[in-house]
Protein chains: 6
Amino acid sequence: MNKVYITRRETFNAAHKLWQPNWSEEKNNEVFGRCANKNWHGHNFVLYVTVSGIPDPESGFVMNLKDLSAIIKKEVTEKLDHKNLNLDVPFLDGIMTSTENVIIAIWQILEPIIAAYGAALAKLKLVETENNFVEYFGGKEPF
Amino acid sequence: MNKVYITRRETFNAAHKLWQPNWSEEKNNEVFGRCANKNWHGHNFVLYVTVSGIPDPESGFVMNLKDLSAIIKKEVTEKLDHKNLNLDVPFLDGIMTSTENVIIAIWQILEPIIAAYGAALAKLKLVETENNFVEYFGGKEPF
Amino acid sequence: MNKVYITRRETFNAAHKLWQPNWSEEKNNEVFGRCANKNWHGHNFVLYVTVSGIPDPESGFVMNLKDLSAIIKKEVTEKLDHKNLNLDVPFLDGIMTSTENVIIAIWQILEPIIAAYGAALAKLKLVETENNFVEYFGGKEPF
Amino acid sequence: MNKVYITRRETFNAAHKLWQPNWSEEKNNEVFGRCANKNWHGHNFVLYVTVSGIPDPESGFVMNLKDLSAIIKKEVTEKLDHKNLNLDVPFLDGIMTSTENVIIAIWQILEPIIAAYGAALAKLKLVETENNFVEYFGGKEPF
Amino acid sequence: MNKVYITRRETFNAAHKLWQPNWSEEKNNEVFGRCANKNWHGHNFVLYVTVSGIPDPESGFVMNLKDLSAIIKKEVTEKLDHKNLNLDVPFLDGIMTSTENVIIAIWQILEPIIAAYGAALAKLKLVETENNFVEYFGGKEPF
Amino acid sequence: MNKVYITRRETFNAAHKLWQPNWSEEKNNEVFGRCANKNWHGHNFVLYVTVSGIPDPESGFVMNLKDLSAIIKKEVTEKLDHKNLNLDVPFLDGIMTSTENVIIAIWQILEPIIAAYGAALAKLKLVETENNFVEYFGGKEPF
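Read on for an overview of the structure. Worth saying up front: this structure is predicted, and the values here are computed from it rather than measured.

Details of the relation of the copies chain C and chain A
If you rotate chain C by 120 degrees and push it 0.0 Å along the axis, it lands on chain A with an RMSD of 0.0 Å. Accordingly, the operation relating the two chain copies is best matched by a three-fold axis. Looking at the rotation axis and the C-alpha trace of chain C, the residue lying nearest is Pro142(C), at 3.5 Å. The residues that chain C uses at the interface reappear at the interface of chain A in only 11% of cases, marking distinct surfaces.

Describing the pairing of strand E4 (residues 120-129) of chain B
Residue and element names in this part refer to chain B. The buried fraction of E4 amounts to eight of the ten residues, a majority that puts the element mostly inside the structure. Examined bridge by bridge, strand E2 (residues 41-53) and E4 share seven bridges and lie antiparallel to one another. Within E4, the position partnered with Tyr 48 by the bridge is Lys 125. The sheet contact formed by E4 and strand E5 (residues 132-136) spans five bridges and is antiparallel. Its bridge partner lying in E5, Leu 124 is registered against Tyr 136. Where E4 folds back onto E5 in an antiparallel hairpin, the turn is made up of two residues.

Things to note about the arrangement of the chains
When C-alpha atoms are compared, chain B and chain C, though not in contact, are closest at a spacing of 12 Å. Left apart from each other, chain B and chain D have a closest C-alpha approach of 14 Å.

Describing the interface of chain C and chain E
On the chain E side, the residues contacting the 24 residues of chain C number 24 residues. Carbon and sulfur atoms make up 40% of the area that chain C and chain E hide from each other, which totals about 1,900 Å². Looking at the side of chain C facing chain E, the largest losses of area belong to Arg34(C), Asn44(C) and His82(C), adding up to 33% of the total buried there. Counting the contacts that link chain C with chain E gives four salt bridges. Here Arg9(C) makes a salt bridge to Glu130(E), at a shortest N to O gap of 2.6 Å. Counting across the interface, chain C meets chain E through 21 residue pairs in polar contact (both at pLDDT 80 or more). Elements represented by at least two residues in the side of chain C that touches chain E include exactly strand E1 (4-16), strand E2 (41-53), strand E3 (83-84) and strand E4 (120-129) of chain C. Looking at the side of chain C that touches chain E, the element that brings in the most residues is E1(C), giving five residues. Among the residues forming the side of chain C that touches chain E, the class breakdown is five nonpolar, eleven polar and eight charged.

A closer look at the pairing of strand E5 (residues 132-136) of chain F
Counting buried positions along E5(F) yields five of five residues, so the element is predominantly enclosed. Where burial is concerned, the two faces of E5(F) agree: the one with Asn132(F), Val134(F) and Tyr136(F) and the one with Phe133(F) and Glu135(F) are both buried. The sheet contact formed by strand E1 (residues 4-16) of chain B and E5(F) spans five bridges and is antiparallel. Bridge assignment links Ile6(B) to a residue of E5(F), and that residue is Val134(F).

Analysis parameters
Residues numbered from 1 in each chain as written. Chains lettered and ligands numbered in written order. Predicted model: local features only at pLDDT ≥ 70, side-chain atom pairs only at ≥ 80, totals over all residues. Heavy atoms only, no water. Least-squares fit on C-alpha atoms with pLDDT ≥ 70 in both. Contact = heavy atoms within 4.5 Å. Buried < 20%, exposed > 50% of the residue type's maximum accessible area, 1.4 Å probe, protein only. Helix = DSSP H or I, 4+ residues; strand = E, 2+ residues; numbered from the N terminus. Pairing = 2+ DSSP bridges. Buried area = accessible area lost by both parts, 1.4 Å probe. Salt bridge = Lys/Arg side-chain N within 4 Å of Asp/Glu carboxyl O. Polar contact = N/O pair within 3.5 Å; in protein donor to acceptor, adjacent residues only side chain to side chain. Nonpolar A, V, L, I, M, F, W, Y, C, P; charged D, E, K, R; others polar.

The structure is reproduced here in structure tokens:
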């Protein structure tokens, strides 16, 4: 059972802010700091999508990376690129746009599509800045 | 005359959009594409500030990088970080926030301050994405 | 039981193509796209080799990285560097040179050698481009 | 149970040497090579601290990254930055400063502090050079 | 005269070899070493194209980066990507494919096209590996 | 006159401190801050050596990068790697080891050797951290 993990990197540039409407302005500023700026800020986000499977005996592929790239672009990054995560993205509607919440929302979109393709989404990694990133395994706790 | 060039890297994360109010919405979308999204987008900008001079015989420094970093942060990056370049930054007021225009505006702020310190601003480099960056030498044309 | 994971990075530059001789030219082009170019293409491959173990009380080492680097170079990267993966590498003979298949072949070479040294090969990562990489845990499924 | 893993990157620049006082000079040089230079050498170390948890429903955070950064700086990197790991760091006193041993010592400091905060330290990664890094999961063996 | 320099990064993955047909096999191996392997090797090449000009008062652009990217792809990188530089590229026909010669050939293609667009090609940088790159200013000697 | 600039990257890891013996301890700490730590600190230095010339009609080379790499290693980086810049390096004896002074000292070593080879040293770049680097053109002021 030679399970191999393949990863495709895609990028998107977006605006957002962290703002909890149930909280006072003071609490928003205290918790979120500069990220609460009402006029938004933004990032060059980098998304890594990892799919696991056994390489096909004929193609040598776990999954065709052209297909994986096309799925990520169509379903996720083209909906996020040059967008405002709080205002422009139906699948993030009503969600506090922390990277933690964004990565869970991306998983919920990609997991069934990749499963329907016959492969398994194993991991997502979403990089917000060179100093901050999040990882998600669909709720699993590998470590 | 052993002129050496020293560079300090600083970063800021900001939102902006490209929108020319003298143009129709169609022309804005045609020229600026996704960058014209009315709800903004954003980037992790990286700014490189290069100062030239002859190393001091005692300190071995062209300019103390602690001082250079403090100047860049106070005068530039703290005014841009987690801001909206179109709405929140007095020194960009009324300016189309292309990276070309932003780098010229940063030069105009930093050049006299670094000259007053006794050194010479030689070059700025502003990186918008891993695929796009601009450089400025105060109008000089080294190549 | 303080198991620590140490990783050594090595590189090799090689040519290859993806071509399944059991398929028609049309199917090869459809599945492999530009990677099926008969005259080859190539990459700067980056290989990360991760070994796990308990640090030796005297040396503080899981495994001497000089030794690990020497093993990887002798057994793997010097056999791949500036080579054609399809034509020049005995341990890839008859194998479709997808990164999935190449990483499994590298595991089969390194695992017994590192075990004989008294350590344990835990993970391989093979980077083909900045956008594509594969990982392999010897068939284990950590996530 | 949507466990998400968040990572903060911090850096420190330090001197050290590898030298086992129980060994002869010959054995030190044989095992540690250039790393045994009596007059020290140094590195730009990069530390990645990964914390796992379920995002808070209101903030969307596993842990506030401002707090995580402040803890790492106060407890670890400010004690290591521009220091000699063998001479200047109480929590490394008497420890062979291999990256394996340093990462375990950092875990022992950070784990209880992050637990007291209500989150869980899941992983550390310590990069010594572009070619060498170590990872530690508190003794767990995820793969 | 606020001349600004803008740069676009594009990539291509290609095979090549260094082989001088006027030389003996011995001399080819002596001069080119592993790069003379008859069965080819390859690289992930990165091309940086720098254009200089004065930002347009209305758009703020020296040149629209969408257009610059489209020109580079159409005229250069799509002709090189997943190709054999020695066999598949008309504009490199009969040329020793050292990076020095390749960068001059790319300049000769791009310079007139960018001039016709109304901008000026100022610099090319071609990265072959993380350790080797070449730069070209159209024959100018800025330093 | 098709002058091309080729660059080779080499690395070295070293300890140093900034300390001016003509100054009081207070002034040393004030000017150099953490860099004045008596017990040293260290960095992963990266050196880029740029040579200019006209590609040879037969080899296509400005200079054989194998030779350039061998010269840099023999004359510079092997004398600096895993050393203390203040104590172990004859060509830095008595020199305040700021990156400005170190890059000038490296130029003085490499320039005549590369000239004797028939090429021209055009530029050095010495990176101390991801945030700080220096460049030197032999005293020339290209910008």
